[in-house]
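# Reading the structure
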Amino acid sequence: MRKPDLDIKIFADRRRKIAEKIKGGAMVIPAHPALIRNHDVHYEYRQDTNLFYLTGYEEPGSVLVYRPGQNPETVMFVLPKDPLRETWDGFRYGPEGAKAEFGFDKTYSINEMDSVLPDLLMPVDRVYYRLYQNSDFDKTFAKALDVAREKLGRSGLGLKPVVDPFEVLGEMRLMKSPKDIEWQKKACEISAEGHIAVMKFTKPGVNERQVEAVLRHTFMMHQSPRMGYNAIVASGNGSTTLHYNFNDQECRDGEFLLVDAGTEWNYFTGDITRTFPVNGKFSESQKKFYNCVLFAQKEILNMIKPGLVFKNLQTATIKILTQAMLELGLLKGSVEDAIESMAFKKYYPHGVSHWLGMDVHDLGPYTLNGESRALEPGMIFTVEPGLYVPSNDESAPAEFRGMGVRIEDNIVVTETGHFNMTLKAPKETSDIEAVMRN
Ligand code: GLY
Ligand code: MN
Ligand code: MN
């Protein structure tokens, strides 16, 4: 069903923007196959991000064929009405409902695809379609291209060129509109509420699974439909595993708990990491270690404004964190040598940032003409430095073994600088302790 607060004009506006870039061509975006693992048992379905981005339509089994400048322009294939199926699976719009409610120019049942798609492709000079996303539809699509070629008869023309739509869509999704930013901020706000809730909940003896439950509860009580990705709830040595996903250990006194979790609002997701002591009070060693990461994160945030070259965020992070590794006694020698030899990668092995939006690692190019691109207003990304010292690292000072700290905020570039959309989740040690005391 369409949420009542979703104005379909938003999606028409997005299509209009795409139109300028693909004039003369058609864009074909299928839903991805719904997952049915056991007979008649359905699992959560999330619409293909690009399909939702351009239509707002959430049902599986749908395909957008968008042909700017042609008549009809926006064509949508959808699941047909089916009273029997609907008593089992729930409401479907069907072609008539989809046309009336979503403002498409023409709608068909998905069962008419084979007979209609070739005709829709005949008048265009190229087709924007991503292969290998939906292998069933790949076959339907290839067949339609071939039938369209046949129908051109004695013209001698071959198959239409197929162009990857992700280039156009990536560039467009990278430049967030005011509406995108509004939805992104809401996702960030609810995500931050989840982090505050787990700080209040956590104490020695709780299980990571219960912490995850508090996240889910908080997110859904704010009417978010789902998490944006699998939450990482990692206590103790688990915090040193970057993509820890077991979330099943007891959180113990004296350990850190690292929580990397975000939730969705209208398909935009937050991506926040906070790390805090299970017992609510930073030990001296924990504070020393944590503040190195916090210092790095704030230094990087201070750099962000239009014009800054994206890769400079990572270069600066490496410098600051490598300096910290020397101060903490994790590495020896000079900062320059530790960077040159890549020794820093042992404790900081990942990037400091990625685009964020409707996918947690959002679509969008990081380079322009082969060069790392400069930040522009409306770009949204994370800032997430971290330090990780596994418990079995005998070369590290004993006091830091088993500590993993990452601090991750979500940033939108503004005309004059940037705005931190996740500041509400505490990250100063004193603020975290204050929240955990209550
Ligand atoms: N949560 C995934 C990431 O931070 O990139
Ligand atoms: Mn991230
Ligand atoms: Mn994250």
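Before reading further, recall that the structure is shown in the block above.
This write-up is about the structure you can find in this document. On a predicted model such as this, the values are computed, not experimentally measured, just so you know. (Residues numbered from 1 in each chain as written. Chains lettered and ligands numbered in written order. Predicted model: local features only at pLDDT ≥ 70, side-chain atom pairs only at ≥ 80, totals over all residues. Heavy atoms only, no water.)

## Description of the side chain of Arg 67
Definition in use: By definition, any uninterrupted DSSP run of H or I lasting at least four residues is a helix, any uninterrupted run of E lasting at least two residues is a strand, and each is numbered from the N terminus. Burial classes follow relative accessibility: with a 1.4 Å probe on protein chains only, a residue under 20% of its type's maximum area counts as buried, one over 50% as exposed, and anything between as partly exposed. His residues and chain termini do not enter the charge count, which takes Lys and Arg as positive and Asp and Glu as negative. By definition, a salt bridge exists where a carboxyl oxygen of Asp or Glu is found within 4 Å of a side-chain nitrogen of Lys or Arg. In protein, a polar contact means a hydrogen-donor-capable atom and an acceptor-capable atom, both N or O and within 3.5 Å, with residues adjacent in sequence counting only if both atoms are side-chain atoms; elsewhere, any N or O pair within 3.5 Å suffices.
Mapped onto the fold, Arg 67 is located in the loop between strand S4 (63-66) and strand S5 (74-78). For the buried Arg 67, no salt bridge exists, and the shortest N-O distance to an oppositely charged side chain is 8.1 Å, to Asp 105. Only 2.8 Å separates the side chain of Arg 67 from the backbone oxygen of Pro 72, close enough to count as a polar contact.

## With respect to the pattern of salt bridges
Taken as a whole and judged by the stated rule, the model has 29 salt bridges. With a shortest N-O distance of 3.0 Å, Arg 216 and Glu 212 are connected by a salt bridge. Note that Arg 216 and Glu 212 are positioned in helix H9 (residues 208-221) at a spacing of 4 residues, about one turn of the helix. In this structure Glu 212 comes out as buried when scored by relative accessible area, which is 11%. Of the charged contacts, one joins Lys 427 and Asp 409 as a salt bridge, the two residues approaching to 2.7 Å between their closest N and O atoms. Of this pair, Lys 427 sits in the loop between strand S20 (418-420) and helix H13 (429-437) while Asp 409 is found in strand S19 (residues 409-413), placing the two residues 18 residues apart along the sequence. Its relative accessible area of 8% is what places Lys 427 among the buried residues. Judged by relative accessible area, which is 0%, Asp 409 ranks as buried. Where salt bridges share partners, they join Glu 44, Arg 46, Arg 173, Lys 176, Arg 226, Glu 264, Asp 359 and Asp 362 into one cluster.

## A word on the site of ligand 1
Let me state the cut-off plainly: Throughout this document, a residue counts as near a molecule or strand when at least one of its heavy atoms sits within 4 Å of that molecule or strand. The Shrake-Rupley method, run with a 1.4 Å probe, gives the accessible areas here. Residue values count only the displayed protein chains as cover. Gly counts as polar in this scheme, as do all residues outside two lists: the nonpolar Ala, Val, Leu, Ile, Met, Phe, Trp, Tyr, Cys and Pro, and the charged Asp, Glu, Lys and Arg.
Close to ligand 1 lie Tyr 229, Asp 260, Asp 271, His 354, His 361, Glu 384 and Glu 408. Here His 354 contributes a side-chain N or O atom positioned 3.0 Å from an oxygen atom of ligand 1. At 3.0 Å from an oxygen atom of ligand 1 is found a side-chain nitrogen or oxygen belonging to Glu 384. Burial of ligand 1 by the protein chains amounts to 87% of its free accessible area of 200 Å². The class makeup of the residues in the shell around ligand 1 is 1 nonpolar, 2 polar and 4 charged.

These figures come from the coordinates and say nothing about function on their own.
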